[in-house]
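Spelled out from the first residue to the last, the chains are:
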Amino acid sequence: RIVSVAADTEANPQEELNANDVIQNLSKIFFEALFAQHQVSVQTQFDPALPNIVTDRDKLIQIMINLMKNAAEAMQNGGTLQIATRGGIVRNDREYIEISLKDDGPGIPPEIMENLFKPVTSSKGAGHSGLGLSIVKNTVDELDGRIFCQSNEISGTVFQILLPLRAGGES
């Protein structure tokens, strides 16, 4: 009897996970390499009752790495990155968790905000492709999530990500 391996292995493995744990681990990993180097302090406010989500762990990690790296690089002279989670968000009869990252950097100029999630020529200089946020947006879309950004030069930038309790349909 021939068993199809392709049917047994999913292209994007879904697993039940706690977003708080994933984010906490990433924050620890990045603390020395990224945050301390840029004099960025990290404050977390995790919802202790945050429900687990069924999603692709690697994609969630990719989203968080990109956004944490952007925040640290935006705060050239140091600052604070606040990472928070919240559960119980319902949109169109579907339940989501929210992950927000707020920095107190200089904000994103209005002309960049207009095309924030499109591939652009980076203003950060060599070594920066300008693809980071378009990749983040595509990855959030692949997880059936939503991403929003608010930014100004007074209060900095906040990214809000909504991820469904279960990617791919019913929650």
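The paragraphs below set out a description of the structure included in this document.

### Re the overall build of the protein
Reasoning step 1: Across its full length, the protein carries five helices and seven strands.
Reasoning step 2: The linear arrangement of helices and strands in the protein, starting from the amino end, is α-β-α-β-β-α-β-β-α-α-β-β.
Reasoning step 3: Among the 171 residues that make up the protein, the fraction classed as buried is 40%.
Reasoning step 4: By element, 49% of the accessible surface of the protein is carried by carbon and sulfur atoms, the whole surface being about 9700 Å².

### Some details on helix H2 (residues 19-36)
Each α-helix winds once per 3.6 residues, and so residues spaced three or four apart point in a common direction.
Reasoning step 1: The largest bend along H2 reaches roughly 65° and is located at Phe30.
Reasoning step 2: If you check which residues of H2 are buried, you get Ala19, Asn20, Val22, Ile23, Leu26, Ser27, Phe30, Leu34 and Phe35.
Reasoning step 3: Residues of H2 that are buried sit in contact with strand E1 (15-17), strand E2 (40-45), helix H3 (57-74), strand E4 (79-91) and strand E5 (94-103).
Reasoning step 4: With a side-chain oxygen positioned 2.8 Å from the backbone nitrogen of Asn20, the residue opening H2 is Asn18.

### Here we look at the packing of aromatic side chains
Reasoning step 1: In this structure the tally under the stated criterion is one aromatic pair.
Reasoning step 2: Summarising the aromatic geometry, the rings of Phe117 and Phe159 are spaced 6.5 Å apart at their centres and angled 70° between planes, so their arrangement reads as edge-to-face. With Phe117 in the loop between helix H4 (110-113) and helix H5 (132-142) and Phe159 in strand E7 (residues 156-164), the pair connects residues that are 42 residues apart, well separated along the chain.

Procedures and definitions
- Note that residues are indexed from 1 along each chain, following the sequence as it is written.
- In view of the model being predicted, local features appear only for residues whose pLDDT reaches at least 70, and side-chain atom pairs are presented and counted only at 80 or more, with totals across whole chains, interfaces and linings using the full set of residues.
- Only hydrogens and water are removed before side-chain values are computed, so all heavy atoms of the structure are retained for them.
- The secondary structure listing takes helices from DSSP runs of H or I that are at least 4 residues long and strands from runs of E that are at least 2 residues long, numbered from the N terminus.
- Accessibility here uses a 1.4 Å probe with only protein chains present; expressed as a share of the type maximum, an area under 20% marks a residue as buried, one over 50% as exposed, and anything in between as partly exposed.
- Note on areas: Shrake-Rupley with a 1.4 Å probe; residue coverage comes only from the protein chains shown.
- The angle separating two fitted axes, one through the seven residues that finish at a residue and one through the seven that start at it, defines the bend at that residue.
- Any two residues whose heavy atoms approach within 4.5 Å are treated as being in contact.
- Polar contact criterion, stated in full: a pair of N or O atoms within 3.5 Å, where within protein one must be able to donate a hydrogen and the other to accept it, and residues adjacent in sequence count only if both atoms are side-chain atoms.
- Stacked, tilted and edge-to-face pairs are distinguished by plane angle, under 30 degrees for stacked and over 60 for edge-to-face with tilted covering the rest, among Phe, Tyr and Trp rings (Trp via its six-membered ring) whose centres lie within 6.5 Å.

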